[in-house]
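Per-entry structural report
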Amino acid sequence: MKKLFALSAFVLLFLNACDSKKGSAKISDQIRINQIGFYPSSVKQFTIVDTEASTFKVVDGYKNKVFSGELVDQGVWDASGEKVMLGDFSSFTAPGAYYIVVNDTIASYPFKIQKELYRDALRKSIKSYYFQRASMPIEEEYGDIYQRGAGHPDDQCIYHPSTGRTEGTLNSPGGWYDAGDYGKYIVNASLSVGQMLLILEQFPEFMNNVGLNIPESGNGIIDLWDELRYELDWIQTMQDDDGGVFFKLTALGFGGFIMPEDYDLDRYIRGKTTASTLDFAAVLAQASRLYKDIDSEWSAKALEAAKKAYTWAEQNDNIPFKNPEDVSTGEYGDSEFSDDFFWASSELYLATKEDQYKVAMNKYKQEYKHQLADSWKNFVRNVGFHSLLENRDMLDTEFANFLTQGHTALADDILQKIGQHPYRIALDNYEWGSNSDILNQAYILCVAHKLTDDEKYLIGAEQMNDYIFGKNATGYSFLTGFGAKKVMFPHHRPSGADSIADPVPGFILGGPNNDRQDGHLVEYTSEFPAKAYMDVEASFASNEVCINWNAPAVYVLGYLEQVRK
Ligand code: 9MR
């Protein structure tokens, strides 16, 4: 937390300095810029809306003009209803703290140009998972002012009638809370861990330098591995003796905004499904491969569990999940399983090199379609692609080339959209969790960069990432605790109940959602899709946090920190 205070103090000092020195220029929401800033070598762009101005200046904290440039008209953006101009100062590379000034009257929020730009954001976005840990206290030593008691022992979870059982309980402690609610859901847990495993696979040495100050720190294992393991160990408790995997562990409803330790609703286990079983198989096979050298015993057990789950899913290949009538917690509804089969068989093949999984992978050959990833559902398939691409040397050359071409074609589509978009993003649909769609597209571009070493993909990933930190139609920085225009009221039970003004740091918010499923509770101030976001606690549809929204942020920030020097 001390760092957070230091950062806020810096922002305030800087803003004050700006106030006294920048004449009549006032900080304005009209300028939308990444409020963290830019690496020296990055493309540096911002938007300004509803202005007649045609030029801008980059000014340092002492009012010295260090760069001037032209604003380029982008027309009216239908999704925000604003006339957008774009400014670009990429050729300015000197490290320092700056702001944009237009017409000598309006100024942007301050930003920096520096190396290791996202180190703190990366650390905090991973640390947010520690704050989501169920069944153990968050101690002051690790959680600072966000310390809290242990919530949800989950040692005697009741089998809901949908499991077909009438007696006994399940011991299923640990794992992370899914989101602003206290549920634990296998499909989303698997996806989130699967996405973060890739950064560890690609850059283990780098991630070894990203210390988190969690209870396991100092045990000789990379902290991110330990954090993921906390979730993976819970995931394994959800497997039934026959290999099938229960769908979720939640109360019957969401419950109020209280701390985890004050929660006293009964916790239920819901029935086994095809998707939960396959996603379990996939992530445990992936983890078993990557944990082999760290803990061979754990790795072997994880692989056995994955194989058993896969066999169950083959025999039960069409069991969707539907909330029973008395249950209103998250559904993660999905009745299309070819993507889950694809991810699971790909990971099992990579983990075992066994022919049966290769055959299974080929069974879904017609489905080798790289997905743009609008919504978590589609990213399941991509996780399989990314693991295969990272291990191309294990594949037939023809197949490896086919996958590489598919991925770069998808990345090129994204780049083309970015090039035509006034905000230089590729999103055209604002749905639930739209910020994760942005980050997942950036994720795809990072993978394309890793494959090809072509700078254009890295630039695209950064342009998308700028959106998250303020270059968006709301002007908010969408990572809690970061940026000058901060989100203060996330739909996150501990942040709402802990009596601390600032929310728990390091969470990605859902973002603009034009479906406004919470419209009966929240008065949205804009009719426009790209502005369908409200920083109010009640807004579960636009202002919640979620483990699968943070996962691509961890990957993208980790990738940029590793690659951008
Ligand atoms: O991210 C999920 C989104 O795609 C769905 O439209 C929405 C409604 O089913 O649920 C979202 O996931 C929520 C989950 O069901 C429960 N925990 C909070 C998740 C984020 O809002």
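It should be noted that the structure appears before, not after, this text.
Residues numbered from 1 in each chain as written. Predicted model: local features only at pLDDT ≥ 70, side-chain atom pairs only at ≥ 80, totals over all residues. Heavy atoms only, no water.

**Description of the overall build of the protein**
Per the secondary structure count, the protein includes 16 helices and 15 strands. For the protein, whose C-alpha radius of gyration is 23 Å, the value lies close to the compact-globule estimate of 24 Å for 565 residues. Expressed along its principal axes, the backbone C-alpha trace of the protein runs to roughly 70 × 55 × 45 Å. Counting the 565 residues in the protein, one finds 62% classified as buried. Carbon together with sulfur atoms contributes 48% to the accessible area of the protein, which is approximately 20,700 Å² in total. (Helix = DSSP H or I, 4+ residues; strand = E, 2+ residues; numbered from the N terminus. Rg over C-alpha atoms; globule rule 2.2 N^0.38 Å. Buried < 20%, exposed > 50% of the residue type's maximum accessible area, 1.4 Å probe, protein only. Areas by Shrake-Rupley, 256 points an atom, 1.4 Å probe, with all protein chains shown as cover.)

**Quick look at the site of the ligand**
Around the ligand, the neighbouring residues are Asp 178, Ala 179, Asp 181, Tyr 185, Gly 330, Glu 331, Tyr 332, Trp 376, Trp 432, Glu 544, Cys 546 and Trp 549. At 3.1 Å, a side-chain N or O of Trp 376 approaches an oxygen atom of the ligand. Between Trp 432 and the ligand, the recorded distance is 3.1 Å, taken from a side-chain N or O atom to an oxygen atom. Isolated, the ligand exposes 450 Å² of accessible area, and the fraction of that covered by the protein chains is 80%. (Near = heavy atom within 4 Å. Polar contact = N/O pair within 3.5 Å; in protein donor to acceptor, adjacent residues only side chain to side chain.)

**Looking at helix H14 (residues 455-468)**
Helix length check: H14, at 14 residues, gives a terminal C-alpha distance of 21 Å against a target of 20 Å (1.5 Å per residue), a fit within 8%. Counting buried residues along H14, 11 of its 14 residues qualify, which places the element largely inside the surrounding structure. Three or more residues of H14 are buried, namely Tyr 457, Leu 458, Gly 460, Ala 461, Glu 462, Gln 463, Met 464, Asn 465, Asp 466, Tyr 467 and Ile 468. Residues of H14 that are buried sit in contact with strand E3 (37-38), strand E4 (45-49), helix H12 (397-420), helix H13 (434-452) and helix H16 (547-563). Phi turns positive one or two residues past the end of H14, at Gly 470, with a value near 135 degrees. (Expected span 1.5 Å × (residues − 1). Contact = heavy atoms within 4.5 Å.)

**Observations concerning the packing of aromatic side chains**
Tallying each qualifying case throughout the model produces 37 aromatic pairs. An angle of 85 degrees between the planes, with centres 5.7 Å apart, marks the rings of Phe 38 and Phe 111 as edge-to-face. Of this pair, Phe 38 sits in strand E3 while Phe 111 sits in strand E10 (residues 111-113), and the two are 73 residues apart along the sequence. Relative to Tyr 291, the ring of Trp 225 lies with its centre 4.4 Å away and its plane at 75 degrees, an arrangement referred to as edge-to-face. Of this pair, Trp 225 sits in helix H6 (residues 223-237) while Tyr 291 sits in helix H7 (residues 274-291), placing them 66 residues apart in sequence. On the basis of relative accessibility, which here comes to 6%, the residue Trp 225 falls in the buried class. (Phe/Tyr/Trp six-rings, centres within 6.5 Å; stacked < 30°, edge-to-face > 60°.)

**Remarks on the side chain of Glu 431**
Relative to the assigned elements, Glu 431 resides in the loop between H12 and H13. Of the side chains with opposite charge, Lys 377 comes closest to the buried, unpaired Glu 431, at an N-O distance of 8.1 Å. Here the side chain of Glu 431 touches Ser 375 through a polar contact of 3.0 Å, landing on its backbone nitrogen. Dropping the residues within four chain positions of it, Glu 431 is found in contact with Asp 374, Ser 375, Asp 437, Pro 512, Asn 513 and Asp 515. (Lys, Arg positive; Asp, Glu negative; His and termini not counted. Salt bridge = Lys/Arg side-chain N within 4 Å of Asp/Glu carboxyl O.)

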